[in-house]
Amino acid sequence: MRRLLEGIAAGASGWVELRYHARRSKRLVVRNGQVEESASIDLVGVGVRAFVDGAFGFASTTDLTEAGIGKAMQVAQSIAETAAGPKRKKVPGLAQATFGNGVFPLETDDPLAAHTLEEKLDLVVRTDGLVRAAHPSIVSSEVSYAEMVDEKVIVTSDGASVQLHDAKPAFRVLAVAETAGDQAMALETVGVTGGWSDLFADKTPEGLVEKAARLAVDQLSAGRPSGGVTTVVLDPELVGVLAHEAIGHTVEADFVLGGAITAGKIGEPVASELVTMCDSGSAKIAPHAVGIVPVDDEGVPAQRTVLIERGVLRSYLHNRETAAHFGVAPTGNARAYTYSDEPLIRMTNTYIEAGEMPFDEMIGGVKDGYYLCGLGQSGQADSNAEFMFGVKEAYRIRDGKVTELVRGATISGNAFETLRSIDAVGDDFRWEKSSGFCGKGQPAKTDGGGPHLRCTLTIGGQQDA
Amino acid sequence: MPSETLLDRCREAVEIAQRHEADDVEVYGQTVESVNSVVEKHDLQIAKSQFETSFGVRAFVDGRLGFASTNDAARLGETCRDAVALARISPQDPHNVLPETQEIVPVEDLFDPKAAEFAASDAVRRAAEMLSLAESIDRRVILNDAWFESSVGETALANSAGLAIAEKGSLFTYGAVATAREGETVSSFDFQFGGARTVDAIDAEAPIRRVCESALASLGAKPGESFKGTVLLSPQAVADLVVGLLLFQLSARNALRGRSRWKSALGESVADSRLTLVDDGRRPGGLATSAFDREGTPRRRQRLIAGGRLDALMHNAYTARAMGETSTASASGSARSIPGIGPSNLEILPGEGSLDELVADVPKGLLIRRFSGNANPISGDFSGATKSAQLIREGRLDRAVSGTMIAGNVFEALRQISGVSANREQVYNYTLPYLRLEGVSVTSE
């Protein structure tokens, strides 16, 4: 396929980008002992982007013959040509890039294909049974396994030629507990880039069940948090969510051009000096994290992009178009979800770097506050950095000690004000490695991580769904 | 692709799966060829074209079900094998069955030959015209987003019970999101949608005019008033607030899971007698019109709520078998997924009177053009912000209001419908009137 695409690109007039993407997915869903879904879904095709006279055109096809791909290329070029007419602000050009040419195999000792679907379904069915057996108050369970195994070839007429192999499995456990008409649910998930044993390296199915069941049951007897501005300690998972949702989106260069709050602020202090925040698709920096992208869909290799360095805004996340606009190098963040999607600026693994304070000391310094862990069921953030997240697991801190669980906590605020309020950064670090997707017109597998952090924000209670 | 080819591939795949010893097989094939042009921030952003063929295979082995899907026609044989293999390892469920085979009567005029000639350049031109129109209506309008999409496609279905059917169709959809700005004041945004099955029926001007009108009407909005009483929901607000709950409650799948409170409510009153809800899969010109559903059951006109009484739940073959009912041809979804349950052309039947007449006998109320909030489909509780809202005072539309929330319960609101308009609008594949509701809590800042 790589040779075929290289041949077609060599014969193109003008700039083109050809991307072959084969995705083989499996989905196994079991709810209350019944198989809701056992599905295998293949999605294979070629997407072509053409650039003519300051405008892009995109065409995709499932006809993988030379003639079929050639036709898609012609369509993309003719669309770009047509679009160039009414286009008002022409794109001046694409930034030069050092392409990550070559073949990139998936790094794992235990490929997903070495395990049969029967083995995977058996695990899902057994785990679902464990959820309902975990506690008499558990009334409903759902367990699912999903994997995406990708092969990509990316070729551009200006020299990119990349072949990539990727696999991203995920496992989810949902427990619903009920007492006297009151319901509470808890979802525990794990997701990685890698193989079967990588998926369960940090969290086992039994561990996910134990946690989900305990959290669902404990919430039934938990009280509500008292609202207001307060000192909180965020766990690494929630730090990852904050870094991604509340800050990461505001530094995506297409959003910056659309008027995000970070526009014109490069070089300015935006956070506490304790904060250094980065994005990286590299497996070396983020081993088995969900958002690993060794080379992006424009052929640009992963790097470590420092977004905020000791509190100062240093960079946005770019594709080749916005890099040219800002006169910088592309950062390896152009990603398309399937062959029929055009690449957009997306995060990969977004994280805040570890600091120096031990966890116990951080908690010990809080007289009255909350220890908040993980993202709950709701969350939203705007390009002005205002955010509201539900918290999965919240504990009251009293006199320097983590005490009782509270239920239905939400946090809200402005992400940059929250970053400015950080007065302690933990000496630990963890990737979130969850099963979720980021949405921006297209889904994308991303990850977030960080150390524990202490800061000030607004906590609120909320009604349960 | 000529229609025999797609259907032939489906038939071949049925035979392949049978050779792998499936008891029953269903193969659903889809082709789609589309062009789409997008306007953002007053400029053309990207134009896209897509050509895709995909197949979904359901294999039944001894009451066990496996599903596999591919868009790589060369791998269809392996996909059939995968579906059978998945079925073998899945637990038995006696309700996993093919639907009963019934005669399919084709629907006229689903496919406009002129649509096949519709090129990417036509979609780009249409999107550019939508932008120019918005700018010509009023310079204060900001068109945040607009799109125009044209697609032609074919669906085919073959199963081991001898069903073999295919249908071609064309579809145009278009819409816009706009705000209005005057000095430092920015209105709330409004969204409008339109669609057509034929080139001649395209009217991309209408949603642009509506979106501009609505954005301009909410300029200069100020906090309103707090009261408990009458609200008038636009068709879009009906879709935002009411339709989701109706579809959730009407899904037989949710009834089976014990999540629908209408599980055993057939014949009972669930809403005011002014409400009649119909799903018409064969509606002439309907955006979701087709001769058969995702499982090959013939589409029909199905009353779901008649004069406020629950007439039927929406069933596919699985739920029909599990609940001892007949399928309502509500199997939904694409070749990429197992058939679910969903509506085709859902409509609330028109009432009497114009919008002005619905306003005329309201001493105090609120017209709500969009609702942004949560409506819990199980409890019915809703709360959220109103967008592009306008006060009603002494029977007339008064000033625009901002920062106004509404809260209540959808089940209760359905019983307190006091008016249904005669005119209706297309919101996606729903055809909806204005609905006037009583007893809703309105809270202003």
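None of the values given here were measured: they were computed from a predicted structure.

1. A word on the interface of chain A and chain B
Line of reasoning, step 1. The interface is formed by 38 residues belonging to chain A together with 40 residues belonging to chain B.
Line of reasoning, step 2. The tally of links between chain A and chain B comes to six salt bridges.
Line of reasoning, step 3. The residue Arg-253 of chain B makes a salt bridge to Glu-36 of chain A at a minimum N-O spacing of 3.3 Å.
Line of reasoning, step 4. Put simply, chain A and chain B have 27 residue pairs in polar contact (both at pLDDT 80 or more) between them.
Line of reasoning, step 5. Broken down by secondary-structure element, the contributors of at least two residues to the side of chain A that touches chain B are strand S1 (15-31), strand S2 (34-52), strand S3 (55-61), helix H2 (66-84) and helix H3 (117-133) of chain A.

2. Describing the packing of helix H1 (residues 2-10) of chain A against H2 of chain A
When two helices pack together, you describe them by how their axes are tilted relative to each other and by the distance separating the axes.
Residues and elements named next belong to chain A.
Line of reasoning, step 1. Close contact between H1 and H2 brings their axes to 11 Å; oriented N to C, the two are set at 45 degrees. In terms of axis orientation, H1 runs oblique to H2. Both H1 and H2 take part in a crossing whose hand is right-handed. Contacts from Leu-4, Leu-5 and Ile-8 of H1 reach H2 at Glu-66, Ile-69, Gly-70 and Met-73.
Line of reasoning, step 2. The residue inventory of the contact of H1 with H2, partitioned by class, reads five nonpolar, one polar and one charged.

3. Here's the deal with the pattern of salt bridges
Line of reasoning, step 1. Evaluated as defined, the whole model comprises 62 salt bridges over all chains.
Line of reasoning, step 2. The residue Arg-398 of chain A makes a salt bridge to Glu-404 of chain A at a minimum N-O spacing of 2.5 Å.
Line of reasoning, step 3. Judged by relative accessible area, which is 36%, Arg-398 of chain A ranks as partly exposed.
Line of reasoning, step 4. Connected through salt bridges with shared partners, the residues Arg-31, Glu-36 and Glu-142 of chain A together with Arg-253 and Arg-257 of chain B form a single ionic network.

4. A look at the state of the cysteines
Residues and elements named next belong to chain A.
Line of reasoning, step 1. This model, assessed by the stated rule, comprises zero disulfides over all chains.
Line of reasoning, step 2. Free cysteine: Cys-278, not disulfide-bonded; nearest cysteine sulfur from Cys-438 at 18 Å.
Line of reasoning, step 3. For Cys-278, a relative accessible area of 0% translates into the label buried.
Line of reasoning, step 4. Left without a disulfide partner, Cys-373 is nearest to the cysteine sulfur of Cys-455, which lies 13 Å away.

5. Quick notes on unusual backbone geometry
Line of reasoning, step 1. Despite not being glycine, Asn-32 of chain A has its phi angle at roughly 50 degrees, a positive value.
Line of reasoning, step 2. Along the chain, Asn-32 of chain A falls in the loop between S1 and S2.
Line of reasoning, step 3. Taking the relative accessible area as the measure of exposure, Asn-32 of chain A reaches 35% and is therefore partly exposed.
Line of reasoning, step 4. In this structure, Asp-109 of chain B takes a positive phi of about 60 degrees despite not being glycine.
Line of reasoning, step 5. A residue is classified by how much of its surface remains accessible, and Asp-109 of chain B, at 63% relative accessible area, is exposed.

6. Concerning the packing of aromatic side chains
Line of reasoning, step 1. Enumeration over the complete set of coordinates arrives at 23 aromatic pairs over all chains.
Line of reasoning, step 2. An aromatic cluster of at least three residues, connected via ring pairs, comprises Trp-147, Phe-191, Phe-193, Tyr-428 and Tyr-430 of chain B.
Line of reasoning, step 3. Sitting over the ring of Phe-56 of chain A, Arg-49 of chain A keeps its end group 4.8 Å from the ring centre.
Line of reasoning, step 4. Here Lys-440 of chain A stacks its cationic end above the ring of Phe-255 of chain A, 4.4 Å away from the centre of that ring.

7. Topic: the domain arrangement of chain B
Residues and elements named next belong to chain B.
Line of reasoning, step 1. Looking at the assigned domains, one finds that chain B contains domain 1 (3-217) and domain 2 (221-445).
Line of reasoning, step 2. Taken over C-alpha atoms, the centre of domain 1 sits 24 Å from the centre of domain 2.
Line of reasoning, step 3. Here domain 1 packs against domain 2, burying approximately 3400 Å² in sum over the two surfaces, 58% of which is carbon and sulfur.
Line of reasoning, step 4. In this structure, the connection of domain 1 to domain 2 is made through four salt bridges.
Line of reasoning, step 5. Counting the contacts that link domain 1 with domain 2 gives 13 residue pairs in polar contact (both at pLDDT 80 or more).
Line of reasoning, step 6. When residues of the side of domain 1 that touches domain 2 are traced back to their parent elements, those giving at least two are strand S1 (24-40), strand S2 (43-61), strand S3 (64-70), strand S4 (141-159), strand S5 (164-182), strand S7 (190-196) and helix H5 (205-217).
Line of reasoning, step 7. It is S7 that provides the largest number of residues to the side of domain 1 that touches domain 2, a total of six residues.

8. Things to note about the nonpolar core
Line of reasoning, step 1. Leu-233, Leu-250, Trp-262, Leu-366 and Leu-414 of chain B are the most contacted members of the largest nonpolar core, which has 51 residues in total.
Line of reasoning, step 2. Ranked by residue count, the leading element in this core is helix H6 (residues 235-250) of chain B, at ten residues.
Line of reasoning, step 3. For Leu-250 of chain B, the residues in contact, after removing those within four places along its chain, are Trp-262, Leu-277, Leu-304, Leu-310, Ala-312, Leu-313 and Met-314 of chain B.
Line of reasoning, step 4. Counting residues in each nonpolar core, the second largest holds 44 residues, with Ala-186, Leu-215, Val-217 and Ile-397 of chain A among its members.

The rules behind these values
- Residues numbered from 1 in each chain as written.
- Chains lettered and ligands numbered in written order.
- Predicted model: local features only at pLDDT ≥ 70, side-chain atom pairs only at ≥ 80, totals over all residues.
- Heavy atoms only, no water.
- Contact = heavy atoms within 4.5 Å.
- Salt bridge = Lys/Arg side-chain N within 4 Å of Asp/Glu carboxyl O.
- Polar contact = N/O pair within 3.5 Å; in protein donor to acceptor, adjacent residues only side chain to side chain.
- Helix = DSSP H or I, 4+ residues; strand = E, 2+ residues; numbered from the N terminus.
- Axes fitted to C-alpha atoms, helices over the stretch in contact; angles between N-to-C directions.
- Parallel < 35°, antiparallel > 145°, perpendicular 65-115°, else oblique.
- Left-handed = near helix turned anticlockwise from the far one by under 90°.
- Nonpolar A, V, L, I, M, F, W, Y, C, P; charged D, E, K, R; others polar.
- Buried < 20%, exposed > 50% of the residue type's maximum accessible area, 1.4 Å probe, protein only.
- Disulfide = S-S within 2.5 Å.
- Phe/Tyr/Trp six-rings, centres within 6.5 Å; stacked < 30°, edge-to-face > 60°.
- Lys NZ or Arg CZ within 6 Å of the ring centre and 35° of its normal.
- Domains from an automatic or database assignment.
- Buried area = accessible area lost by both parts, 1.4 Å probe.
- Core = buried A, V, L, I, M, F, W, Y, C linked by side-chain atoms within 4.5 Å.

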